[in-house]
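Remarks on the overall topology
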Amino acid sequence: MARASVDNVSRELCSEGLLVTVKGAGTYVAGGAGGAAFLNIFVILNTEVVCLQSQFMERTWNSTVNEAGLQRNITVFGNHELDRFLPLIRKDRMARIVWNRPALSSYALIKELQKAGYVQVLINRAVPEYNYFATDTMAGMDGAFRALKEATPDAVVGIIPPFLNPTQFYLSEREVCFYETGTKHGFKLVAGPRKETMDQSGIMKSVSGALNLGADIYFVPDYYVTPYVIATIEG
């Protein structure tokens, strides 16, 4: 088939709403438009580069869809590419949107799409006014303390308080959940000094101060601090 014929067919399908073309992104099946067979799923990662996380997510989504025998067109991209793919999303009201740890800067768009009737899923963001599904931090913490109560009811549980940062409010949420559920289950809770800076010396000062409390178990809300905790214990 000649290239010109392909282009003509493509333009005709676009005019009928079966395909959607976005400059710089390509031509895609318009899920749900005009009875198209495929449903488009857009997975938006909170990352600025193609990384192991994005590659893992893409493999996992495609594998799951294939195993289930579903007809889905999955597009995985980083938050930095949102402007490029947003026109495609806006043209497809039947699209499903998955936000993996969405950035605060995305919340206005999430709300806009919600009002427009888009089905969205937010992963690892417990923000009730935006969420459809999210990791339930409180429930997870409650389950952990319940199991700990059965195993070591007299344990002293410590926390290494996170650095207070308005763009990482979820860390403060985890800290609140820690105190509420720990108190609920009757544990003695202790807290180390809150790190004042995000540099290495500030983190080490906070970690050392917390470990000096001699708690039996420690909760580390900020995964970035975990390697420092391990290094301090092993050292």
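The structure under discussion appears in the preceding block.
Throughout what follows, the structure given in this document is the object of discussion. (Residues numbered from 1 in each chain as written. Predicted model: local features only at pLDDT ≥ 70, side-chain atom pairs only at ≥ 80, totals over all residues. Heavy atoms only, no water.)

Details of the overall build of the chain
Looking only at helices and strands, the chain features 8 helices and 9 strands. Taken across its 235 residues, the chain has 38% of its residues classed as buried. For the chain, the share of sequence-separated contacts (at least 6 apart) that also reach a separation of at least 24 residues comes to 58%. Accessible surface computed for the chain: about 13,200 Å², of which carbon and sulfur atoms make up 57%. (Helix = DSSP H or I, 4+ residues; strand = E, 2+ residues; numbered from the N terminus. Buried < 20%, exposed > 50% of the residue type's maximum accessible area, 1.4 Å probe, protein only. Contact = heavy atoms within 4.5 Å. Areas by Shrake-Rupley, 256 points an atom, 1.4 Å probe, with all protein chains shown as cover.)

Digging into the packing of aromatic side chains
On inspection of all chains with the given rule, the structure shows 5 aromatic pairs. When the centroid spacing of 4.3 Å and the interplanar angle of 15 degrees are considered together, the rings of phenylalanine 77 and phenylalanine 85 count as stacked. Grouping residues by exposure puts phenylalanine 77 and phenylalanine 85 together as buried. Between the aromatic rings of phenylalanine 145 and phenylalanine 178, the centroid separation amounts to 5.8 Å while the plane-to-plane angle is 50 degrees, which identifies the pairing as tilted. (Phe/Tyr/Trp six-rings, centres within 6.5 Å; stacked < 30°, edge-to-face > 60°.)

A word on the sheet that holds strand E8 (residues 188–191)
One open sheet accounts for 3 strands, arranged E8-E7-E9; its pairing is parallel. Pairing within the sheet leaves two strands with one partner each, and these edge strands are E8 and strand E9 (217–219). Pairwise comparison of adjacent strand axes, ignoring direction, gives a mean angle of 30 degrees for this sheet. In the sheet, strand E7 (residues 156–159) pairs with E8 via 4 bridges, with the strands oriented parallel. Considered in E8, the bridge of isoleucine 159 is made with alanine 191. (Pairing = 2+ DSSP bridges. Axes fitted to C-alpha atoms, helices over the stretch in contact; angles between N-to-C directions.)

A look at the side chain of serine 106
For serine 106, the location among the structural elements is in the loop between strand E5 (96–100) and helix H4 (107–115). What makes serine 106 buried here is its relative accessible area of 2%. Filtering out sequence-adjacent residues up to four positions away, serine 106 remains in contact with Asn79 and Trp99.

Quick look at a nonpolar patch on the surface
On the surface, Met198, Tyr223 and Tyr224 cluster together into a nonpolar patch covering about 340 Å² of accessible area. For tyrosine 224, the location among the structural elements is in the loop between E9 and helix H8 (226–234). (Patch = residues over 30% accessible without salt bridge, like charges linked within 9 Å, V, L, I, M, F, W, Y side chains within 5 Å. Salt bridge = Lys/Arg side-chain N within 4 Å of Asp/Glu carboxyl O.)

Some remarks on the pattern of salt bridges
Inspection of every chain in the model, using the stated rule, returns 5 salt bridges. Note that arginine 84 is salt-bridged to glutamate 81, the shortest N-O span being 3.3 Å. A relative accessible area of 36% places arginine 84 in the partly exposed class. A salt bridge links lysine 184 to aspartate 142; its shortest N-O distance comes to 3.0 Å. Of this pair, lysine 184 sits in helix H6 (residues 169–184) while aspartate 142 sits in helix H5 (residues 137–151); the two residues are 42 residues apart in sequence, bridging distant segments of the chain. Accessibility expressed as a relative area gives 59% for lysine 184, which makes it exposed. Classification of aspartate 142 by relative accessible area gives buried; the value is 10%. Ionic contacts of the salt-bridge type, sharing partners, join the residues Asp142, Arg146 and Lys184 into one network.

Notes on the pairing of E7
What you see with E7 is no split at all: Val156 and Gly158 on one side and Val157 and Ile159 on the other are buried throughout. One ladder, built from 3 bridges, connects E7 with E9; its direction is parallel. Residue valine 157 lies in a different strand from E9, and its bridge partner there is isoleucine 217.

Some details on the nonpolar core
Within the largest apolar cluster, 17 residues are counted, with the highest numbers of intra-cluster contacts made by Ile44, Phe77, Ile89, Ile97 and Trp99. Sorting the residues of this core by element identifies strand E3 (39–45), helix H3 (82–90), E5 and H4 as the ones contributing at least two each. Residue contacts for isoleucine 89: discarding those within four places in its chain leaves Phe42, Ile44, Phe77, Ile97 and Tyr118. Within the second largest apolar cluster, 10 residues are counted, among which are Met141, Ala155, Val157 and Phe219. (Core = buried A, V, L, I, M, F, W, Y, C linked by side-chain atoms within 4.5 Å.)

Brief notes about H5
Here H5 is 15 residues long and its end C-alpha atoms lie 21 Å apart, about the 21 Å a rise of 1.5 Å per residue gives. Residues of H5 that are buried include every one of Thr137, Met141, Asp142, Phe145 and Leu148, and no others. The buried residues of H5 occupy one face: seen down the axis, they fall within an arc of 125 degrees. Residues Glu150 and Ala151 are exposed on H5 and point more than 90 degrees away from its buried face. (Expected span 1.5 Å × (residues − 1). Arc of directions from axis to C-beta.)

Function cannot be read off these values alone, since they describe shape.
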